[in-house]
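Working through the structure, step by step
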Amino acid sequence: DGTVKVEMEGGGMSAQQQRQAASLIAAAAANCAGGRKYEDPSFPPTAASLWLDGQAPSQSLGLSNPVASWRRPEEMTGSSGPGLLFKNDWEIEGVIPGALPNQWLLAACNIVGGDQEVAARCFVDATHASMGFYVVRFFVDDPNSDDDWRVVLVDDRLPCGTDGIPCFARCPTPSVLWVALIEKAFAKLRGCYEATIGGTVEEGLVLLTGGHAKSIETHASQADAVWQELMNAWTCSSVIGCEHRSGSGAPAAELLATGLLPDQPYCAITGGEMAPGRMIRLRAFYGSPEWTGKWSDNDPSWTSQLRNLMQFKKDGNDGTFWIGFEDFVKWFTDIYTCRMADDKWTKMTARSSWVDASAGGCPNFVSWRHNPQWLLTVPR
């Protein structure tokens, strides 16, 4: 009918939220006089911050309390010094799930972590690490307000097991903190760690980025169209996830034989036209089984030149591997892309049709002016 439908997406933090974040940071820094590290009184290192009943895990979880202590990064087993948000400026470590079944959130973290710049934008403030606190933001849609970002300040004390290593989500290097801090901040937002259970990967992507996850069914699209979508997504700094969704049926034995896991979200870190052809680098959770087909870690096709060219690392535990695009579209049924929506974007759509008098043809014909059209004014 030609009606224009307006949808709002994303939006940076409002001035009020920025003032709130600045107030939180100033108050926390004021509590660190004399070199003392910040201790968050609103999310203390007690069972109340861990479990819904404030005492122990719910029986439905089927696990005993894994927390033996709360430790700062420099106190963790194997730590060589203070904690780091990321391992370095060019590499982001993967995600090791913890004792809680909150893989929906951690899978979204793994996908967002495919681009370190995107993952870093989850943090409003990471400049007070020496004082022991960070500020994280989450996008929680509020239909009654434009202030959809929620700002959460947390200290860097993490629940650890008897081995002195964080017992919930962490990176392979325990003192690399980005995923553990996101999980802790979301636990504080929800009330406790146990409250982080329950959600979908798409919800997790919106929570971390403010953008809408766009889904593509690979088997319903032409391969070239899927490839172009991937290239466009990487070009505009979108993060990309993919998975083989088995539906209600049991996963095929052929899939399991490849090393891929059904209903397991993978991060598509990068890809492009490489020397061997169209290639994609994927990452599952750290320690997950890896692809065993063409271009897997143990495939003899790898040459020294290709290893250097494609930054190949042979590590059977990191969950990261290369795969050819033909195999990618064969085995993965769904792709979802999402971008960090710091700025507010407005999408306007209208459904119409070129029929009868409105079918004016291309601009070569005078009748072109009868086509459905909208006047667009760009003020700047």
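Residues numbered from 1 in each chain as written. Predicted model: local features only at pLDDT ≥ 70, side-chain atom pairs only at ≥ 80, totals over all residues. Heavy atoms only, no water.

**Section: helix α4 (residues 178-190)**
- Helix length check: α4 (13 residues) gives 18 Å between terminal C-alpha atoms against 18 Å at 1.5 Å per residue, within 8%.
- Summarising burial for α4: 10 of the 13 residues are buried, a large majority.
- Trp178, Val179, Ala180, Leu181, Ile182, Glu183, Lys184, Ala185, Phe186 and Ala187 are the residues of α4 that are buried.
- Of the residues one or two after α4, glycine 191 is the one with positive phi, at around 120°. (Helix = DSSP H or I, 4+ residues; strand = E, 2+ residues; numbered from the N terminus. Expected span 1.5 Å × (residues − 1). Buried < 20%, exposed > 50% of the residue type's maximum accessible area, 1.4 Å probe, protein only.)

**Notes on the sheet that holds strand β5 (residues 149-155)**
- In space, the three strands of this open sheet follow the order β3-β4-β5, with antiparallel pairing throughout. For this open sheet the edge positions go to β3 (123-125) and β5, each flanked by a neighbour on one side alone. On average, each strand axis in the sheet is tilted by 35° relative to the strand beside it, whichever way the strands run.
- Inspection of the sheet shows strand β4 (residues 133-139) paired to β5 by seven bridges, in the antiparallel sense. Paired with phenylalanine 133 across the bridge in β5 is aspartate 155.
- The strands that α4 touches are β3, β4 and β5; relative to β5, the one it contacts most, it runs at about 115°.
- Seen against the sheet, helix α5 (residues 201-209) touches β4 and β5 and runs at an angle of roughly 120° to β4. (Pairing = 2+ DSSP bridges. Axes fitted to C-alpha atoms, helices over the stretch in contact; angles between N-to-C directions. Contact = heavy atoms within 4.5 Å.)

**What about the sheet that holds strand β11 (residues 320-324)?**
- One open sheet holds the six strands; their spatial order is β7-β12-β8-β9-β10-β11, and the pairing between them is antiparallel. Only two strands of the sheet have a single neighbouring strand rather than two, namely β7 (214-217) and β11. Recorded for the sheet is a direction-independent mean angle of 30° between the axes of neighbouring strands.
- Strands in contact with helix α2 (residues 103-112) are β8 (238-243), β9 (266-274), β10 (277-283) and β12 (334-339); relative to β8, the strand with the most contacts, it is inclined by about 130°.
- Set on the sheet, α5 makes contact with β7, β8 and β12; between it and β12 the angle comes to about 15°.

**Examining the confidence of the model for the protein**
- Here the protein shows a mean pLDDT of 91. Residues at 70 or above account for 97%.
- Within the protein, strand β13 (residues 344-350) has the poorest average pLDDT of any element, 75, and α4 the best, 98. (pLDDT = per-residue confidence, 0-100.)

**Details of the pattern of salt bridges**
- Evaluated as defined, the whole model comprises 14 salt bridges.
- Glutamate 93 serves as the salt-bridge partner of lysine 87, at 3.7 Å between the closest nitrogen and oxygen.
- Linked by salt bridges that have partners in common, Glu39, Asp155, Arg157 and Lys184 make up one network. (Salt bridge = Lys/Arg side-chain N within 4 Å of Asp/Glu carboxyl O.)

**Here we look at the environment of phenylalanine 325**
- Structurally, phenylalanine 325 can be placed in helix α9 (residues 325-331).
- On the accessibility criterion, phenylalanine 325 (5% relative accessible area) is buried.
- The contact partners of phenylalanine 325, leaving out residues within four places of it in the chain, are Ala223, Val226, Trp227, Leu230, Arg278 and Ile280.

**Some thoughts on α5**
- Here α5 has its buried residues at Val201, Gly204, Leu205, Leu207, Leu208 and Thr209.
- Residue glycine 210 follows α5 closely and has a positive phi angle near 80°.

**What about the state of the cysteines?**
- Tallying each qualifying case throughout the model produces zero disulfides.
- Looking at cysteine 109, it has no disulfide partner, and the nearest cysteine sulfur is the one in cysteine 122, 7.3 Å off.
- Residue cysteine 109 is classed as buried on the basis of its relative accessible area of 1%.
- Take cysteine 236: it sits in no disulfide, and the sulfur closest to it among the cysteines is that of cysteine 338, at 10 Å. (Disulfide = S-S within 2.5 Å.)

**Side note on the packing of aromatic side chains**
- All chains considered together, the criterion is met by 17 aromatic pairs.
- Seen in terms of ring centroids, phenylalanine 139 and tryptophan 149 are 5.2 Å apart; in terms of plane orientation they differ by 80°. Their pairing is edge-to-face. With phenylalanine 139 in strand β4 and tryptophan 149 in strand β5, the pair connects residues that are 10 residues apart, well separated along the chain.
- Using a relative accessible area of 10% as the deciding quantity, one classes phenylalanine 139 as buried.
- We classify tryptophan 149 as buried; its relative accessible area is 2%.
- The rings of Trp227, Tyr266, Phe321, Phe325, Phe328 and Phe332 are connected pair by pair, giving a single aromatic cluster.
- For arginine 137, the ring lying beneath its charged end belongs to tryptophan 149, and the centroid distance is 4.1 Å.
- In this structure, lysine 294 packs its charged tip against the face of tryptophan 295, placed 5.0 Å from the ring centre. (Phe/Tyr/Trp six-rings, centres within 6.5 Å; stacked < 30°, edge-to-face > 60°. Lys NZ or Arg CZ within 6 Å of the ring centre and 35° of its normal.)

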